[in-house]
Every structure is written in C-alpha cells, then in structure tokens.
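Below are the chains, spelled out letter by letter.
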Amino acid sequence: MSKVAAALLVSLGVLNAEVHTLTLRQAVELALKQNPEVVLARLDEQKAERAIGIARSPFLPSLVAGSGLAYSSGFPMSIEGATPAVLQARAIADVFNRPQSYRIAAAREHRRGAALDTAARQEQAALRIAELFLEAEKAARMLEIARRRAEILTSVARTVEARAGEGRELAIESRRAGLSLAQARHHILLLEGRRRQAEARLGAVLGLDPGDQVRLAEEERTPRYGPASADAAVEQALGQSRELRGLESKLAAKGFDIRAERAGRLPRLEVVAQYGLLARFNNYEEFFRKFQRHNGQLGVSFQIPLFAGAAIEPRVRLAEEEAAQLRVQIRSARGRIASETRELCQ
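1. Some words on the sheet that holds strand 6 (residues 294–303)
Taken in spatial order, the four strands make up an open sheet running 2-3-5-6, and their pairing is antiparallel. In this open sheet, the two edge strands, each paired with only one partner strand, are strand 2 (62–66) and strand 6. Pairwise comparison of adjacent strand axes, ignoring direction, gives a mean angle of 15° for this sheet. Pairing analysis gives five bridges linking strand 2 to strand 3 (residues 87–96), with the strands arranged antiparallel.

2. Digging into a nonpolar patch on the surface
Together, Leu69, Tyr71, Val86, Leu87, Tyr275 and Phe281 make up an exposed nonpolar region whose accessible area comes to about 590 Å². Tracing the backbone shows Tyr275 in strand 5 (residues 268–277).

3. Side note on helix 5 (residues 171–206)
The end-to-end C-alpha separation of helix 5 is 53 Å, in line with the 52 Å expected for 36 residues at 1.5 Å each. Looking at the residues trailing helix 5, positive phi occurs at Gly207, about 80°.

4. Let's talk about the confidence of the model for the protein chain
Model confidence for the protein chain is summarised by a mean pLDDT of 83, while 91% of its residues fall at 70 or above. Of all helices and strands in the protein chain, the one with the weakest mean pLDDT is helix 1 (residues 2–16) (47), whereas helix 3 (residues 36–56) scores best (91). The low-confidence segment residues 4–15 (pLDDT under 50) makes zero contacts with residues lying over four places distant or belonging to another chain.

5. A look at helix 7 (residues 242–262)
A rise of 1.5 Å per residue sets the reference length of helix 7, with its 21 residues, at 30 Å; its end C-alpha atoms lie 30 Å apart and thus fit the reference within 8%. For helix 7, the complete set of buried residues consists of Leu244, Gly246, Leu247, Ser249, Ala253, Lys254, Ile258, Ala260 and Glu261. Near the N-terminus of helix 7, the side chain that reaches the backbone nitrogen of Glu243, with its oxygen 3.4 Å away, is that of Ser241.

The rules we used
- Counting of residues starts from 1 at the beginning of each chain's written sequence and follows it residue by residue.
- Given that the model is predicted, a residue must reach a pLDDT of at least 70 before its local features are reported, and side-chain atom pairs must reach 80 or more before they are shown or counted; all residues, however, enter totals for whole chains, interfaces and linings.
- Excluding hydrogens and water, the side-chain figures rest on all heavy atoms present in the structure.
- Paired strands, in this sense, are two strands between which DSSP finds at least two bridges.
- In DSSP terms, a helix is any run of H or I states spanning at least four residues, a strand is any run of E spanning at least two, and both are numbered starting from the N terminus.
- Only C-alpha atoms enter the line fits that serve as axes; for helices the fit covers just the stretch in contact. Angles between N-to-C directions range over 0 to 180 degrees.
- Patch criteria: residues need more than 30% relative accessible area and no salt bridge. Like-charged residues are merged within 9 Å; nonpolar side chains of Val, Leu, Ile, Met, Phe, Trp and Tyr are merged within 5 Å.
- Note that accessible areas follow from Shrake-Rupley with a 1.4 Å probe, and for residues the cover is restricted to the protein chains shown.
- Throughout this description, the term salt bridge denotes a Lys or Arg side-chain nitrogen within 4 Å of a carboxyl oxygen of Asp or Glu.
- Here, expected helix span is obtained from the residue count minus one, scaled by 1.5 Å.
- Scored from 0 to 100, pLDDT reflects the predictor's confidence in each residue.
- Pairs of residues are marked as contacts when any of their non-hydrogen atoms sit within 4.5 Å.
- Burial status follows relative accessibility: with a 1.4 Å probe on protein chains alone, a residue under 20% of its type maximum counts as buried, one over 50% as exposed, and anything between as partly exposed.
- N or O atoms closer than or at 3.5 Å make up a polar contact, with two conditions inside protein: a donor-capable atom paired with an acceptor-capable one, and, for residues adjacent in sequence, both atoms drawn from side chains.

Have a look at this one:
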C-alpha cells in the first residue's frame, strides 16, 4: 500500500510540475527577482534600513505614561523614585549624544553596504545563470548531434546486416556496426543526463520549485566587445566591483564604530519633560505649604562619564582589529579580481 501511495504522490508531483521555457535574457531577469541568495540579500538590506531607525530612536522623544497611585499614611514617600500620583507621564530625548550619532552614521554605511551586496549577489546570480544556460545549451546541441549520428549508424547497421545476410559482408562487420550503434545510444543517454542535470541546476539558481522544469528557448544574441587591453579590463573590473565597494563600505562603517566607542568619554545631554496628576489623599496639603493638582517639569539631564576608560579601550581595540581584517580582505579581493580578469583576457 505504501508503494502505491508513493507512486501516486510522484504522479501528482509530475502533474503539478510547471515547465518554464526561457531565453537567456528571461532566465537572467527571473534570477534577479527570485534567486534565493538575491532574496536573502534584499532581506538583509531591509534589516539594515530598520537598523537606522533603531539607531535614531534615542534622538526621538519617547513618552512613558503610567500611574504611581497609592494611599499615604503620614508623609507621602516616593514610589520607585517618583512621588505618588494618579497619573504620571515622562518624555525624554537625546540632544547631544556623540556615540549614538556615530552609530547612526555606521548604520547608514551598513545599509549602503547591504545595497552593494544585493547588487553583487545579482551579478553573481546573472553570471551563474549564463554559465548554466550555456552549459545546458551545449549539452542540448551535443545531444542533437549524437541523435543524428545514431540515426545514421542505425541505417548503416541495417545495411551491413542485410549485406552480411546476403553473404556480401563478413559477419564481424555486422557486429562492429552494431557495437558502434550501441556506443552511440549510450552516449545519447549520457548527454541526456548531462542536459537534465544542467537544467536542474539552472532551475535551482532560478529559485524554481523542485518539481519544475526548465526548457531552453532560442534567441538572437548580439556579441559585445570588452576593453582593448588586459590593464584596461583590470581597471574597469576594480572600479565596478560591487564586492570591493561593499568591503570598503564595511570598513567605513567600522571607522564610525571606532569613533563611537572613543566618544564614550564625552558628556551626554537629554531633554526631559514630566507631568504628574496628584491626589489629596496622599497628604500633600499637610506636609507642604501649597497643594497643586497638575504639575509639570521641563529640563535637561547632563551626564559626564568619569571612569569609562577601562570599558572603552577594549572595545576600541576590538573594533580596530576588525577594521584591520577588513583591510586585508580588501587587498586580497583586489588581487584576486585583478588575477581573474587577466586570466579571462588571455
């Protein structure tokens, strides 16, 4: 029963499978939209955009409202540092916070780097699609040639067999023709497997469902000519490399991180506004000269870090080491891109 069920499931999967007939241009356009790595890079770009809003939040007024409602017997004592009140509201926003300003700048660099990474993933997906498409196209052409050769060998084998039956050819010639035909058919099976494998890899890079199939469509292609020399090609590759620009953006963001850590020694200034709605049953009239139901306060909070060096220096050194690693990666990437470009120009 289980085998029957499995067979039914396979049959349903085949029936639900979709066949996508695509040209090279259409395949590249589809990959730029739904390639898994490209989609993940876009999600990282959206996360980087959200991170900017999170970094900016301390400079935006935050309002907290609640109640410190309590009955007082005797002197009205504080509840968690606030006087007893029917309603309490407090708004606070940073005015001067240099470390957080640098973190905002770093978040913006991360967003720029994420956008460059998305573009780089798109270029990689387009290149991979072109490679797989041409590979599948080559396998299809070789398969067509092999099938035509097999048709010719089939005709030859029949002719030789007939001549051998008539005694005009040796029997070994008939067996030799049959062997050649069998080898040609085996070669056809190998090429069919290669074509299916290339099409399956193409479908995976395109982000298609596992059961979907890809078929190649013919199109006219206009040849494009690259730079005139290898040096010009290397210069162009280095100037247009999304990978290099992304690493440089990460290095710039790390520079802002270092400055943010060093700015931890600077003072911080906040604007604070408070409101409290007081009640008579807290005995304010008995212990204070005047009772006022509605009360407000507007001021600033000024904070100066005095002994922050012990915590700041390790974080600065860690960020500097990470920046040094990025510089090494940039030099390595430049060398690799230049080497690969020169190899392609040979």
